[in-house]
Every structure is written in C-alpha cells, then in structure tokens.
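So the chains spell out like this:
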Amino acid sequence: MTTIDHALLEGYLVRTRWFGGKGRPFRIPQVRVLARLSGAEHGGGHSPEHGAEHGAEHRPDVVVLLVSVEYDDDEGGVELYQVPLSRYDEIDERHSFAYVGPAEIDGRDQHLYDAVHDRDAMALWLHAFVDAEDGEVTDAGGLRFHRLSDSPALDPALRSSPLSGEQSNSSLRFDDTTIMKLFRKVSPGVNPDIEIHETLTRGGSEHIAELYGWVETELDGEVLQLGMLQEFLRTAADGFELATASVRTALAEPELSVAESGGDFSGEAARLGEALAEVHATLRASFPVQRLDRQATAELARAMDARLDRALAAVPEIEPYASGLRRTYAAVAELEGVDVQRVHGDLHLGQTLRTSHGWRIVDFEGEPGRPFQERALPDSPWRDVAGMLRSFDYAPGVVRMAADGQGRDDEDGELRTQRAHEWAVTARGRFLDAYVATLRGEDSAGDDSAGDQEGPPAPTAAERTLLDAYEADKAVYEALYEKRNRPSWLPIPLGALERIRATEDDARDAAVE
C-alpha cells in the first residue's frame, strides 16, 4: 500500500518546470500507482550507501504515480501527470536537490525523490529497453517497453543525465547514445509524438531523430504512453538559438546589409523549408489524407473568428487590426475546399535542430492542451508553414527586446530595426520559396496552377489565403500569450499584425488600380 500526502505532491508540482498549472488554484483528488520497478532485480538495495558510487548493480525501487490535478478556477478542468519517484529508507544526500518528501510505502517509512534525477533509478528504464531489443516487448513492474527491430543495441552500462531545457516534459540522455523523453502531462491513447516518429523512422526520413522505442502501460482498458527513446543527435544545435545568434551578428554592424554582415540566415532557412516539405510528403504518403469541403472551410473561419473574439477581451491592443483580420478569415470561408493531412501541429524554430547532416524536426506532440484525438486529426500543412514564418519574425524581435531591456542608448537603433526587419523578410522569403519549390517537385511537376512567373514557384491563390489566415491566427494567439505571460514582448506579435494589415491595404489598393 502506498500512502502519500496529497499536500506533499502539490508542493512538489509547483516547484517543477514541467507542471502546467503554476499560478492556478488546484487540488489533487486522486493518486494512482501505475507501476513499481524493483531495484532488487538488478541487485538493488534501499540504503543510499548502495548507490552508484558503490556499484552500479544496486538500484532503488521506483514507484510510478499518476497524479490527477483538478483546477478550481473558472476555466476548470482535470489533468493527469506522470510522477516517477525513487524510494530510499534513509535520506540520500546525493539527491537532496530532487527530494520530494517522506511517505509510507508497503508498510515502511521511506523518502521519495524525483526519479528522473536519480541515475540509479533511470538505469531501470534503460535495462528494460535493453531487454526489449530486436523488436521485443518487455514488461517491468507494470510498464511495457517496446523497441523497434532495427534500432541499435544499447549498452546497459550507459549513464543518464537530465537535460535542463525541457519545459513540459522531462528528457535525459544516456551518455551520447540515446535520449529518453518522459511525458509528464499524459492522456489515454496513442501519443502523436510516438506515432509519427515511428512512421517517419520506418519510412527512413532523414529529418527526424530516429525512434528507438517507447514505454506504456494500461489505464482502465486504454493504452497510456509514458515515454519514448530516440537517437541522440550529438552535433545538434537548437534552431531558435541559431537564429537569434544569426540576428545578433547581423545587428552588430548595422551599416552593413544582412548579407554583408555574416548574419544572413537565408541559406539555413531554405534548407529548413526543404526539410519540412519532405517531412510533409512522407506524412502525406503514410497517413490518410482528405479534402475538406466548403462547409469545413467556413467552420475553420468561424473558429479563427472565435479565437479573435476571446483574444480581444484580454488584449484590447488588437482592436485596430480586428476588421482586417476578420476579412482575412472570411476569405478562408470562401475557399471551395482544403486539403488536409497529418502535420506537426505546433511547429516553430524551437522544434528544430541543426546537425552536421542537416535539419531535424522534433516534438510531434502537436498543440499542447488539446486531447490526443484532436491532435491526430488531419490538418492543413500550411499551418506548420505559418508557424515557422512567425518564428522567423520572433527571432529578431526577441533580440531587439533583449537589447532594449538593457537600457542602453543606441544611436543606431533605427538602423538596427531596419536590419532586423531585413533579416526576417529574407529568412521568411527563402524558407517559403524552398518549401514551395520542394512541394511542387514532389507533387506538382509541370503544374501551372501557381501561374507563369519567373523565379521560384509561389503558393497558389488558395494556398496564400490559407497561409495568411493561419499566420494571422498564430499572431493573435501570440498576442494573448504575451499579454498574459510576458507583456513587454507584446510588441512582437502586434508588429506582425501591423505588417499583415499593411499587406492587406496594399493588396486592396492594387486591386482598385
């Protein structure tokens, strides 16, 4: 029997990076035990002196909890969190930073620690994956460990190290060989991150980190997927960090053009556009596709309008742009149909990695907060494209905000603003050109639907309508997010809305002429 004070867990949750309910009133109505992993199966002991320094074959026992969180505000709702805890009979000073608190488990008073930060505890996951090699499935304490048959063999002596950058999940690497992501907020059903990575891995995609395996259990007759094991990309650099570094280089000598400064990101943007188009092509070939009718396009436009209404209530700064945004959304309602397929669903530069072998796209979980069933629905690939275009706007915006926040007088401020705009326009243009060119080469060879023009192929009129609407919708979401979380960053999405309005005005003037 496991008896853990719910108040103890509540205090623990609000101290973590990955808990999504910080700042909201909540309570824990239920805690369930999903699994018990025994360190004794690997020569384990319960005392801290039996830790890694005294022999790698001694492991703590681990209990994996499913914690229900119920919110007590107007928004309400219930969320489920996976909480793996390692158990010791005595205080373990090695893991004091990960201490959760005392509890009574199986009739013994024990001390609990966040197992992700306990190398000996994480070895239990590694050993289970090792046992599941060659496409087998291994059961360990109530968890099922799956491996893809073509994934490489793993050394059971690998040592885990948590990664610090993760926000909504917990990731750790096993030396420089593999990386394991443990989902913190979980839902019954197949996780899109696992489903899509498995499909892309089996399809030989070069633009992802290969999936090696995953871990799951069963909850009330439904599968509950808890984590995934992937290729560790040794040479990887975060896409957004690369982009902002490029911007800083471009702004260091603002008298130079972006191309002359050494901060030109257009080549990388083009390669990323090609990679996304190829991933979309693989997804299109691997999952069902469909053509939504005009009724569906009208519903899409209504959903965008509704999100704008909700944002206006919290962000009055959007009001000057509202009428133009509604015209952009109304154009979607006039489309005869929309082609949809499986997509990433939450794409931005922070979901990309640049390696020595090219760009990789990661984290196919989809939009946070939506049920898995909704995230798995086919969507327009132009939503992903719009997300990337907005991210290319954000990179220079963030750099300029950071510089302004330092309070320095900048006699070249206006020129730097122009260069930041130049950086964004160039990167956005090259990304979109490369995406469309790769798309046409894959699906539309000899298609004249984009018109007869010199230079790279452009989106069709219908594609442009969708892209403009998705980008506007994303900017509205960003404005709401920044207003609630980082008010000083609100000018970034407002600047995008101003640009969208100016583009619409120019198009309307051209039509009159």
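Residues numbered from 1 in each chain as written. Predicted model: local features only at pLDDT ≥ 70, side-chain atom pairs only at ≥ 80, totals over all residues. Heavy atoms only, no water.

A. Structural detail: the overall build of the chain. The helix and strand inventory of the chain stands at 13 helices and 19 strands. In terms of C-alpha radius of gyration, the chain reaches 25 Å, essentially the compact-globule figure of 24 Å for 513 residues. Overall, the chain is about 85 × 50 × 50 Å in size when its C-alpha atoms are taken along their principal axes. Considering the chain as a whole, with its 513 residues, one finds that 50% of them fall into the buried category. Considering only residue pairs separated by 6 or more positions, the chain has 68% of its internal contacts joining residues 24 or more positions apart. Between the averaged position of the 53 positive side-chain charges in the chain and that of its 95 negative side-chain charges there is a distance of 2 Å. (Helix = DSSP H or I, 4+ residues; strand = E, 2+ residues; numbered from the N terminus. Rg over C-alpha atoms; globule rule 2.2 N^0.38 Å. Buried < 20%, exposed > 50% of the residue type's maximum accessible area, 1.4 Å probe, protein only. Contact = heavy atoms within 4.5 Å. Lys, Arg positive; Asp, Glu negative; His and termini not counted. Charge placed at Lys NZ, Arg CZ, Asp CG, Glu CD.)

B. Up close: the sheet that holds strand β15 (residues 237-238). The three strands are arranged β15-β18-β19 in an open sheet whose pairing can be described as antiparallel. Looking along the sheet, the strands with just one partner apiece sit at the ends: β15 and β19 (358-361). Examined bridge by bridge, β15 and strand β18 (residues 352-355) share two bridges and lie antiparallel to one another. Directly across from Asp238, in β18, lies its bridge partner Leu353. (Pairing = 2+ DSSP bridges.)

C. A look at the environment of Phe129. Of note, Phe129 is situated in helix α2 (residues 119-131). Taking the relative accessible area as the measure of exposure, Phe129 reaches 0% and is therefore buried. Counting along the chain gives 24 residues from Phe129 to Ala153, while the straight-line C-alpha distance between them is 9.5 Å. Beyond its immediate stretch of four places on either side in the chain, Phe129 contacts Phe145, His146, Arg147, Leu154, Met180, Gly213, Trp214, Val215 and Leu229.

D. View of the packing of helix α3 (residues 192-202) against helix α6 (residues 266-286). At their nearest, the axes of α3 and α6 sit 10 Å apart, and the two run at 95° to each other. Taken together, the axes of α3 and α6 lie roughly perpendicular to each other. Where α3 abuts α6, its residues Ile196, Thr199 and Leu200 lie against Val279, Thr282, Leu283 and Ser286. Taken together, the residues of the contact of α3 with α6 break down into four nonpolar, three polar and no charged. (Axes fitted to C-alpha atoms, helices over the stretch in contact; angles between N-to-C directions. Parallel < 35°, antiparallel > 145°, perpendicular 65-115°, else oblique. Nonpolar A, V, L, I, M, F, W, Y, C, P; charged D, E, K, R; others polar.)

E. Representation of the sheet that holds strand β13 (residues 211-219) in the model. Read across the sheet, seven strands follow the order β7-β8-β13-β14-β11-β10-β9 without closing on themselves; strand pairing throughout is antiparallel. Strands at the two margins of the open sheet, each flanked by one partner only, are β7 (137-140) and β9 (160-162). Strand-to-strand twist in this sheet, taken as the mean axis angle between neighbours without regard to direction, amounts to 25°. Inspection of the sheet shows β9 paired to strand β10 (residues 170-174) by three bridges, in the antiparallel sense. Across the sheet, residue Pro162 finds its bridge partner in β10, namely Leu172.

F. Here's a closer look at the packing of aromatic side chains. For the structure shown, the criterion picks out 15 aromatic pairs. Seen in terms of ring centroids, Phe129 and Phe145 are 5.0 Å apart; in terms of plane orientation they differ by 90°. Their pairing is edge-to-face. Taken as a pair, Phe129 in helix α2 and Phe145 in strand β8 (residues 143-147) lie far apart in primary sequence, 16 residues in all. Phe145 shares its class with Phe129; the two are buried. Both rings, one in Phe392 and one in Phe431, keep their centres 5.5 Å apart while their planes meet at 55°; by these two values the pair is tilted. Here Phe431 lies in helix α11 (residues 413-443) and Phe392 lies in helix α10 (residues 381-405), a separation of 39 residues in the sequence. Using a relative accessible area of 0% as the deciding quantity, one classes Phe392 as buried. (Phe/Tyr/Trp six-rings, centres within 6.5 Å; stacked < 30°, edge-to-face > 60°.)

G. Geometry of helix α4 (residues 239-252). Here α4 is 14 residues long and its end C-alpha atoms lie 20 Å apart, about the 20 Å a rise of 1.5 Å per residue gives. Among the residues of α4, those classed as buried are Gly239, Ala243, Thr244, Ser246, Val247, Ala250 and Leu251. Looking down the long axis of α4, one finds its buried residues gathered within 155° of arc, a one-sided arrangement. Of the residues in α4, the exposed ones pointing more than 90 degrees away from the buried face are Glu241 and Ala252. Regarding α4, its N-cap is Asp238, as a side-chain oxygen of that residue lies 2.9 Å from the backbone nitrogen of Phe240 further along. (Expected span 1.5 Å × (residues − 1). Arc of directions from axis to C-beta. Polar contact = N/O pair within 3.5 Å; in protein donor to acceptor, adjacent residues only side chain to side chain.)

H. Representation of the side chain of Asp118. With respect to the helices and strands, the residue Asp118 is situated in the loop between β6 (108-114) and α2. Of the side chains bearing the opposite charge, Arg94 lies closest to the buried Asp118, which forms no salt bridge; the N-O distance is 4.9 Å. Discounting chain neighbours no more than four positions away, the residues touching Asp118 are Pro60, Ser86, Tyr88 and His95. (Salt bridge = Lys/Arg side-chain N within 4 Å of Asp/Glu carboxyl O.)

I. Just unusual backbone geometry, in detail. Positive phi values are uncommon outside glycine, yet Asp220 reaches one of about 50°. Tracing the chain through its elements places Asp220 in the loop between β13 and β14 (222-231). Positioned with a positive phi, Asp363 is a non-glycine residue whose angle comes to about 60°.

J. Main features of the nonpolar core. Within the largest apolar cluster, 71 residues are counted, with the highest numbers of intra-cluster contacts made by Ile318, Trp382, Phe392 and Trp423. Setting aside chain neighbours within four positions, we find Ile318 in contact with Leu308, Ala311, Leu312, Leu325, Val476, Ala479, Leu494 and Leu497. In terms of nonpolar packing, the next biggest core, distinct from the first, is built from 40 residues, Leu66, Leu124, Leu148 and Leu229 among them. (Core = buried A, V, L, I, M, F, W, Y, C linked by side-chain atoms within 4.5 Å.)

K. Here's a closer look at α2. The end-to-end C-alpha separation of α2 is 18 Å, in line with the 18 Å expected for 13 residues at 1.5 Å each. Capping the start of α2, Asp118 holds a side-chain oxygen 3.1 Å from the backbone nitrogen of Asp120, two or three residues further along.

L. Layout of the environment of Ser151. Topologically, Ser151 is positioned in the loop between β8 and β9. Taking the C-alpha atoms as reference points, Ser151 and Phe183, separated by 32 residues in sequence, lie 21 Å from one another. A polar contact is formed between the side chain of Ser151 and the side chain of Arg147, at a distance of 3.0 Å. Only 2.7 Å separates the side chain of Ser151 from the backbone oxygen of Leu148, close enough to count as a polar contact.

M. Structural view of the pattern of salt bridges. Using the criterion set out here, one finds 38 salt bridges in the structure. Between Arg202 and Glu198 there is a salt bridge whose closest N-O contact spans 2.9 Å. With Arg202 and Glu198 both in helix α3 and four residues apart, the pair spans about one turn of that helix. Residue Arg202 is classed as exposed on the basis of its relative accessible area, which comes to 54%. Notably, a salt bridge pairs Arg501 with Glu498, separated by 2.8 Å at the nearest N-O pair. Highlighted residues: Arg501 and Glu498, both in helix α13 (residues 491-512), separated by three residues, approximately one helical turn. Each of Arg390, Asp393, Arg428, Glu471, Glu478 and Arg499 takes part in salt bridges that share partners, so that together they form one network.

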